[in-house]
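Examining the three-dimensional arrangement
So the chains spell out like this:
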Amino acid sequence: MRFKMTLTTAPGPANKLFGLEVLRFLTAFAILVFHYRHFAFVADEPVGLVNDRLPLYRLLHVFYDFGTYGVWIFWCISGFIFFWKYRDAISDRSVGGWKFFVLRFSRLYPLHIATLLFVALVQPLYFNLNGYFFVYQENDLTHFLPQLLMASNWGFQNALSFNGPIWSISVEVLVYFFFFIMLLATRSWLLNLLVIAACLTASGLVATCFAFFYIGGLAAMARRAVTSSVYRLAAESTGWLAVIVFPLWAWQFTNGHLESMDFLLLLTFTPILLFCLSREIVMPASLQKVVEAAGNMTYSSYLLHFPIQLMAVVVFAMFRAPIPLYDGTFFGLFIGTTLLASYFTYRYFEAPAQNLIRELLLRPRAARRERPAQSRSEATRSPSKIPLPNID
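Chains are numbered independently. Their residues run from 1 in the order of the written sequence. Only residues with pLDDT of at least 70 are given local features in this predicted model, and only at 80 or more are side-chain atom pairs given and counted; all residues enter the totals for whole chains, interfaces and linings. Hydrogens and water molecules were not included; the side-chain quantities draw on all heavy atoms of the structure.

A word on the overall build of the protein
Starting at the N terminus, helices and strands are each numbered in turn, a helix being any DSSP run of H or I of at least four residues and a strand any DSSP run of E of at least two. For the protein, the helix and strand inventory stands at 15 helices and two strands. The contacts of the protein with a sequence gap of at least 6 include a subset with a gap of at least 24, amounting to 79%. Throughout, a contact is declared for two residues whenever any of their heavy atoms are within 4.5 Å.

Looking at empty space enclosed by the protein
Think of a 1 Å grid over just the protein atoms. A cavity is a set of points where a 1.4 Å probe fits yet cannot get out, a pocket is an open set with protein on both sides within 12 Å along at least five of seven lines, and lining residues have an atom within 4 Å of a point. Grid points are joined across faces, edges and corners, and a volume is the space filled by probe spheres set on the points. Enumeration according to the criterion identifies five cavities of 30 Å³ or more in this entry. What the largest cavity holds in volume is close to 310 Å³. Considering the residues around the largest cavity, the lining is formed by 19 residues, among which F74, S78, I169, E172 and Y299 are closest to the centre. At seven residues, helix α4 (residues 70–91) tops the list of elements feeding residues into the lining of the largest cavity. All residues other than Ala, Val, Leu, Ile, Met, Phe, Trp, Tyr, Cys, Pro, Asp, Glu, Lys and Arg, Gly among them, are scored as polar; the first ten of these are nonpolar and the last four charged. Of the residues assigned to the lining of the largest cavity, the class counts are eleven nonpolar, three polar and five charged. Approximately 60 Å³ is the volume found for the second largest cavity. Taken together, F83, W84, R87, D88, A220, M221 and R224 form the lining of the second largest cavity.

Digging into the packing of helix α2 (residues 18–34) against α4
Remark: α2 packs on α4, axes separated minimally by 9 Å, with the N-to-C direction vectors making an angle of 155°. Judged by the inter-axis angle, α2 sits roughly antiparallel to α4. As for how α2 packs across α4, the hand of that crossing is left-handed. Side by side, α2 and α4 meet where L20, L23, R24, T27, A28 and I31 of the first sit next to G70, V71, I73, F74, I77, F80 and I81 of the second. For the contact of α2 with α4, the residue count by class is ten nonpolar, two polar and one charged. Think of each axis as a best-fit line through the C-alpha atoms, taken over the contacting stretch in the case of a helix, with angles from 0 to 180 degrees between the N-to-C directions. Each angle is binned into one of four classes, with values under 35 degrees roughly parallel, values over 145 roughly antiparallel, values of 65 to 115 roughly perpendicular, and all other values oblique. Less than a right angle of anticlockwise turn of the near helix away from the far helix marks a crossing as left-handed, whereas a clockwise turn marks it as right-handed.

Concerning helix α3 (residues 57–66)
Buried, partly exposed and exposed residues are distinguished by accessible area as a fraction of the type maximum, computed with a 1.4 Å probe on protein chains only: under 20%, between the cut-offs, and over 50%, respectively. Every buried residue of α3 is listed here: Y57, L60 and Y64. Projection of α3 onto a plane perpendicular to its axis shows the buried side chains occupying an angular sector of 95°, all on one side. Where α3 is buried, its residues touch α2 and α13 (328–362). To be clear, the arc concerns the directions from the helix axis to the C-beta atoms.

Considering the environment of A40
Along the polypeptide, A40 turns up in the loop between α2 and β1 (41–42). Separated by 283 residues in sequence, A40 and I323 have C-alpha atoms that sit 8.1 Å apart. Discounting chain neighbours no more than four positions away, the residues touching A40 are E45, P46, V47, L49 and L325.

Things to note about the packing of aromatic side chains
Geometrically, a pair of aromatic rings is defined through the distance of the ring centres and the angle of the planes. Only centres within 6.5 Å qualify two rings of Phe, Tyr or Trp (six-membered ring in Trp) as a pair; their planes then separate them into stacked at under 30 degrees, edge-to-face at over 60, and tilted for everything else. Scanning the model with the defined rule gives 48 aromatic pairs in all. Plain terms: the ring middles of F100 and F180 are 5.3 Å apart, the flat faces sit at 25° to each other, and that makes the pair stacked. Within this pair, whereas F100 is found in helix α5 (residues 97–130), its partner F180 is found in helix α7 (residues 167–185), the two being separated by 80 residues in sequence. The residues F100 and F180 share a single accessibility class, namely buried. Where F246 meets F269, the ring centres are 6.2 Å apart and the plane angle is 15°; that geometry is what we call stacked.

Re helix α10 (residues 232–253)
One less than the residue count of a helix, multiplied by 1.5 Å, gives the span that helix is expected to have. Along its 22 residues, α10 runs 30 Å from first to last C-alpha, staying within 8% of the 32 Å computed at 1.5 Å per residue. The bend reported for a residue corresponds to the angle between axes fitted to the seven residues ending at that residue and the seven starting there. If you look at α10, its biggest bend is around 30°, right at V245, and the proline P247 turns up within four residues after that. On the buried face of α10, the contacting elements are α9 (205–226) and α11 (262–277). Of the residues one or two after α10, N255 is the one with positive phi, at around 55°.

Looking at the pattern of salt bridges
Salt bridges are defined as contacts in which a side-chain nitrogen from Lys or Arg sits within 4 Å of a carboxyl oxygen from Asp or Glu. Within this structure, the stated rule accounts for seven salt bridges. Between R24 and E21 there is a salt bridge; the shortest N-O distance is 2.9 Å. With a gap of three residues between them, R24 and E21 both fall in helix α2, about one helical turn apart. On the accessibility criterion, E21 (3% relative accessible area) is buried. R232 is the salt-bridge partner of E236, the closest N and O atoms lying 3.3 Å from each other. Of the two residues, E236 and R232 both sit in helix α10, four residues apart, roughly one turn of that helix. Residue classification places E236 among the buried residues on the basis of a relative accessible area of 4%.

As structure tokens, then:
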């Protein structure tokens, strides 16, 4: 009875979730490394790819071989963050449907539409040079229209299209609708269990997304429940013990073939890891800025890395030069360029666009008219002065 009551207690002191920021960055980095293999693609298949020869393979082989699982971890982190930030606000109606929509639209859509249009313009150049598209082949009007609505992977597609990595965000958008509507009806953790149980009997990417999102939400509820509890240290110690022991047990249980039970293993392990990493962490202000910047770059790096690859292969095709796939310098340039572009894109495009959209759509009209013209110009012309939003 005591545990049940603590699930509904008010949140404690602010926790900026620095541990989750670091995990988000590592997960995004894993996807960058995993998708490095795109440079070996002819049309939609890698040709002559030798994994052992890939740059820094011994050091990064986990990312090269299993980076695709980063999407599942992203979904779980999203579930944690959404239940952490919005569970109480939506259920008590302090965040309504319009505000929730604007918050998500302003966060996701500006970079999505920019990268979508870029890929739509550059893919034909690559096609003219090679006779096929780069990696994602379904680049027609039928697939472009759902992309405009971030509905590219709601079941209407033949395959991935345009800026392919957006597929995971498209699936997650469906979860956002369900998340908001169901919180208006109930905030009980039993709903999370029912959703997860239903997903265990289903199949497909949508079911996988729902499962990881809602079990991430359970981890957030558990963290809230122990924030001010006398059992907090015991719960955290048990969690860290599980983080260490569980992978060893899983390795033994599957005889080293973790992929045979990948869904259940990650569905169990990831929320425990999030619970442990979500404890409040105190760090120097300089390091805090680095961690926040790394977390902010994740969405940019996720949507920018394929356009950067596309631009690179077009240049190589124009000069009829082979792509130095196994060259460490080329690998470093790709990773470094993507991370640098992600940092500046977030700071000078994503954050200003996000603030501008929220200013236009959420700020009362009368207040907008009364705002001094100088302040408006500063918000649009000086993006470096715009305060960066928290993890979202």
